[in-house]
Amino acid sequence: AQSVTQLGSHVSVSEGALVLLRCNYSSSVPPYLFWYVQYPNQGLQLLLKYTTGATLVKGINGFEAEFKKSETSFHLTKPSAHMSDAAEYFCAVSGGSNYKLTFGKGTLLTVNP
Amino acid sequence: NAGVTQTPKFQVLKTGQSMTLQCAQDMNHEYMSWYRQDPGMGLRLIHYSVGAGITDQGEVPNGYNVSRSTTEDFPLRLLSAAPSQTSVYFCASKTTRQGGYTFGSGTRLTVV
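Cut-offs and rules
- Residues numbered from 1 in each chain as written.
- Chains lettered and ligands numbered in written order.
- Predicted model: local features only at pLDDT ≥ 70, side-chain atom pairs only at ≥ 80, totals over all residues.
- Heavy atoms only, no water.
- Phe/Tyr/Trp six-rings, centres within 6.5 Å; stacked < 30°, edge-to-face > 60°.
- Helix = DSSP H or I, 4+ residues; strand = E, 2+ residues; numbered from the N terminus.
- Buried < 20%, exposed > 50% of the residue type's maximum accessible area, 1.4 Å probe, protein only.
- Lys NZ or Arg CZ within 6 Å of the ring centre and 35° of its normal.
- Pairing = 2+ DSSP bridges.
- Axes fitted to C-alpha atoms, helices over the stretch in contact; angles between N-to-C directions.
- Contact = heavy atoms within 4.5 Å.
- Buried area = accessible area lost by both parts, 1.4 Å probe.
- Salt bridge = Lys/Arg side-chain N within 4 Å of Asp/Glu carboxyl O.
- Polar contact = N/O pair within 3.5 Å; in protein donor to acceptor, adjacent residues only side chain to side chain.
- Nonpolar A, V, L, I, M, F, W, Y, C, P; charged D, E, K, R; others polar.

Enquirer: Explain the packing of aromatic side chains to me, please; I cannot follow it from the model alone.
Expert: How two aromatic rings sit relative to each other is set out by the distance from centre to centre and by the angle between their planes. Tallied over the entire structure, the rule returns 12 aromatic pairs over all chains. Summarising the aromatic geometry, the rings of Y50(A) and F67(A) are spaced 4.3 Å apart at their centres and angled 25° between planes, so their arrangement reads as stacked. In this pair, Y50(A) sits in strand β5 (residues 44-50) while F67(A) sits in strand β7 (residues 64-68), placing the two residues 17 residues apart along the sequence. Comparing Y50(A) with F67(A) shows no difference in burial state: the two are buried. Among the aromatic residues, those joined into a ring-pair cluster are F34(A), Y36(A), F90(A), F103(A), Y35(B), F90(B) and F103(B). We note K94(B) situated over the ring of Y101(B); from NZ or CZ to the ring centre the distance is 5.6 Å.

Enquirer: Quick question: what am I supposed to make of the sheet that holds strand β1 (residues 4-7) of chain B here?
Expert: Residues and elements named next belong to chain B. In spatial order, the strands read β1-β3-β8-β7; together these 4 strands make up an open sheet with antiparallel pairing. The open sheet has two edge strands, β1 and β7 (64-66), and neither has a second partner. Neighbour-to-neighbour, the strand axes of this sheet turn through a mean angle of 20°, independent of strand direction. Pairing analysis gives 3 bridges linking β7 to strand β8 (residues 76-78), with the strands arranged antiparallel. In the strand pairing of β8, N65 is matched with R77.

Enquirer: Sorry, what's going on with the pairing of strand β11 (residues 107-111) of chain B here?
Expert: If a strand is regular, its side chains alternate between the two faces of the sheet. Residues and elements named next belong to chain B. On β11, burial follows the alternation: T107, L109 and V111 on one face are buried, whereas R108 and T110 on the facing-out side are not. The pairing of strand β9 (residues 87-94) with β11 spans 3 bridges and is antiparallel. By the bridge assignment, V88 is partnered in β11 with R108.

Enquirer: Help me understand the interface of chain A and chain B, please; the structure alone is not making it clear to me.
Expert: Accessible area lost during the coming together of the parts is what is often quoted as the interface size. Taken together, the contact between chain A and chain B spans 22 residues of the former and 22 residues of the latter. Of the roughly 1,800 Å² buried between chain A and chain B, counting both surfaces, carbon and sulfur atoms make up 54%. Counting across the chain A and chain B interface gives 0 salt bridges. Inspection of the chain A/chain B interface yields 3 residue pairs in polar contact (both at pLDDT 80 or more). Looking at the side of chain A that touches chain B, the element that brings in the most residues is strand β4 (residues 31-38) of chain A, giving 4 residues. For the side of chain A that touches chain B, the class distribution of residues is 9 nonpolar, 10 polar and 3 charged.

Purely geometric stuff here, so don't read any function into it on its own.
Set out below in structure tokens:
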């Protein structure tokens, strides 16, 4: 069984501030972890993924995430928020053969000027 | 290379009607999935396929059927629509075990 908890359904930051979106997961097997972004009225776009190897993963648009097995976490960060980062972000976990994704409920990121 | 194409983009059904949501990908991806997205619920897996002729149920399969006769197409059928099936439906595909899914732009379905 696998599950994802995203802490905070809504996060608000100022432009230029640090973005931190929290994700904790549960998986009975070594996990594959993903972050997706969804802009209004669009589909989901893959930001980054962790499969094996390096625990610090860099993605598109300046985002990165660190896999911490001991904390069962995969938090998403960006050093400096931009107005264009305003969107909903989803963390997802998959285990084993990696064809069944389980999503968190999402975090809506607002960026204030 | 169009990626994952979903049709229609919008649909209104009456309770009890049937319809098929179409999904096609031109990337020769083995794995395909259907998700539904509801406010505050994230995305939930309906059905998935690991190759032509192979499908299986996800988290919320009731009221939906799928088939996968070709690699490219993975239609989702609603046999008798219910208001609880009002949602945004996303189709997704991927090619490798370690890859992430590519999503279509979605179908917004309203059942009245």
